[in-house]
Amino acid sequence: MTNAAGGLSVVELASVTGSAAGFRAFLHGLPGVDQVGAEQRAAMLATRSIKTTAKAWGIDLAIRMVDLTTLEGADTPGKVRALCAKGRRPDPADPDCPSVAAICVYPAMVPTAAESLKGSGIHLASVATAFPSGQAPLPVKLADTRAAVAAGADEIDMVLNRGDFLSGRYLAVFDEIVAVKEAGGDAHLKVILETGELATYDNVRRAAWLAMLAGADFIKTSTGKVSPAATLPVTLVMLEAVRDFRASTGRTVGVKPAGGIRTTKDALRYLVLVNETVGDDWLRPDRFRFGASTLLNDLLLQRSKLATGRYSGPDYVTLD
């Protein structure tokens, strides 16, 4: 089997990580990203018009894709319990409104969230590995991961070591992801690239491939703590990476844009991007997620508008 990144077989893909020089040569041998082309295509797809029936379907799908998130120093058990209740029943007045995909919290809040989500089928994600900076020794990052999983997290959102990546120490970054994946056991691993710090689309593509080769189940744009966070062009580059990676290896990896996605219009634009880039095979919560804290409220307001023909007041949704 060959791949669009340079014609390597699956066996050869596994062997590129055997040396620092070989891994660097592979990553820098990936095709360069056409910056103008990527931005123009993302802008063009953003103009697509979504009609009423498709819009209703898209809103419900987007709700099912939300990782409802609170990652603040002022988080309390009460706030987390309220967030979990909202994730389970986003619209208490409408039992047909779907639940969210996951609740995402700091490791210290995982026990509270685990108790609140028991029996719901909603995933529990926890940021780990010294989120958001990633600036901690590897043993601390691994302990952080193990503690979150032991407390009930079934998804771990780890941060890429951008310092090592931008210094060209690709094999060190790879080894760290492999170690975190092992520490997390059966938990799904999302690797946050923090694309706002990677500077170029070429770096985004390299980081995506590095994370996927190391075993990432998802690649995620951002922590939400750095600007710019998620953008349509950078998500396009990541979607193309997971598409090419599956063509090369047969393994499917998900994508999670996070940070700055606040409106239904934004969410629908991302769904169009997914459909046009990787196909409807990725239009499902186990392959595409939104990392968001405020997006859900707008989705609920727009959903109510479609059902009733009028906008509900601001008290229709809770302020998280």
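Reading the values: rules and limits
- Residues numbered from 1 in each chain as written.
- Predicted model: local features only at pLDDT ≥ 70, side-chain atom pairs only at ≥ 80, totals over all residues.
- Heavy atoms only, no water.
- Helix = DSSP H or I, 4+ residues; strand = E, 2+ residues; numbered from the N terminus.
- Buried < 20%, exposed > 50% of the residue type's maximum accessible area, 1.4 Å probe, protein only.
- Contact = heavy atoms within 4.5 Å.
- Axes fitted to C-alpha atoms, helices over the stretch in contact; angles between N-to-C directions.
- Parallel < 35°, antiparallel > 145°, perpendicular 65-115°, else oblique.
- Nonpolar A, V, L, I, M, F, W, Y, C, P; charged D, E, K, R; others polar.
- pLDDT = per-residue confidence, 0-100.
- Expected span 1.5 Å × (residues − 1).
- Core = buried A, V, L, I, M, F, W, Y, C linked by side-chain atoms within 4.5 Å.
- Pairing = 2+ DSSP bridges.

1. Examining the environment of Phe 288
Here Phe 288 shows up in the loop between helix H12 (264–277) and strand S8 (290–292). With relative accessibility at 0%, the residue Phe 288 sits in the buried group. The spatial distance from the C-alpha of Phe 288 to the C-alpha of Val 253 is 9.1 Å, given a sequence separation of 35 residues. Setting aside residues no more than four positions away along its own chain, Phe 288 makes contact with Met 65, Phe 218, Thr 235, Leu 239, Val 255, Pro 257, Tyr 270, Leu 271, Val 274 and Trp 282.

2. Brief notes about the packing of helix H2 (residues 20–28) against helix H9 (residues 170–183)
Where H2 contacts H9, the two axes come as close as 8 Å, and the packing angle between them is 95°. On the basis of the axis angle, H2 is roughly perpendicular to H9. Each of Ala 20, Phe 23, Arg 24, Leu 27 and His 28 in H2 lies in contact with H9, whose residues at this interface are Tyr 170, Leu 171 and Phe 174. Classifying every residue of the contact of H2 with H9 gives six nonpolar, one polar and one charged.

3. Section: the confidence of the model for the protein
Residues shown with low pLDDT carry predicted positions that ought not to be read at fine detail. Chain-level pLDDT for the protein is 93 on average; 93% of the residues reach the 70-or-more range. Confidence drops under pLDDT 50 across residues 1–7; counting only partners more than four residues distant or on other chains, this segment forms 22 contacts.

4. Some words on helix H4 (residues 52–64)
For H4, built from 13 residues, the straight-helix expectation of 18 Å at 1.5 Å per residue is met to within 8% by its first-to-last C-alpha distance of 19 Å. Three or more residues of H4 are buried, namely Gly 58, Ile 59, Leu 61, Ala 62 and Ile 63.

5. A look at the nonpolar core
Counting residues in hydrophobic clusters, the biggest one holds 93 residues, and the most contacted among them are Ile 177 and Phe 290. Setting aside its immediate chain neighbours within four residues, Ile 177 contacts Met 158, Leu 160, Leu 189, Val 191, Leu 210, Ala 211 and Ala 214. Judged by nonpolar contacts, the second largest core, of seven residues, contains Val 127, Phe 131, Val 159 and Ile 192.

6. Observations concerning the sheet that holds strand S5 (residues 188–192)
As summarised here, the arrangement of the eight strands in space is S7-S6-S5-S4-S3-S2-S1-S8, forming an open sheet in which the pairing is parallel. Looking along the sheet, the strands with just one partner apiece sit at the ends: strand S7 (254–256) and S8. Neighbour to neighbour, the strand axes of the sheet diverge by 25° on average, direction disregarded. Where strand S2 (residues 102–105) lies against strand S3 (residues 123–128), four bridges are found, and the strand directions are parallel. Its bridge partner lying in S3, Val 105 is registered against Ser 126. Across the sheet, helix H11 (residues 232–249) touches strand S6 (218–220) and S7, and the angle it forms with S7 is around 170°.

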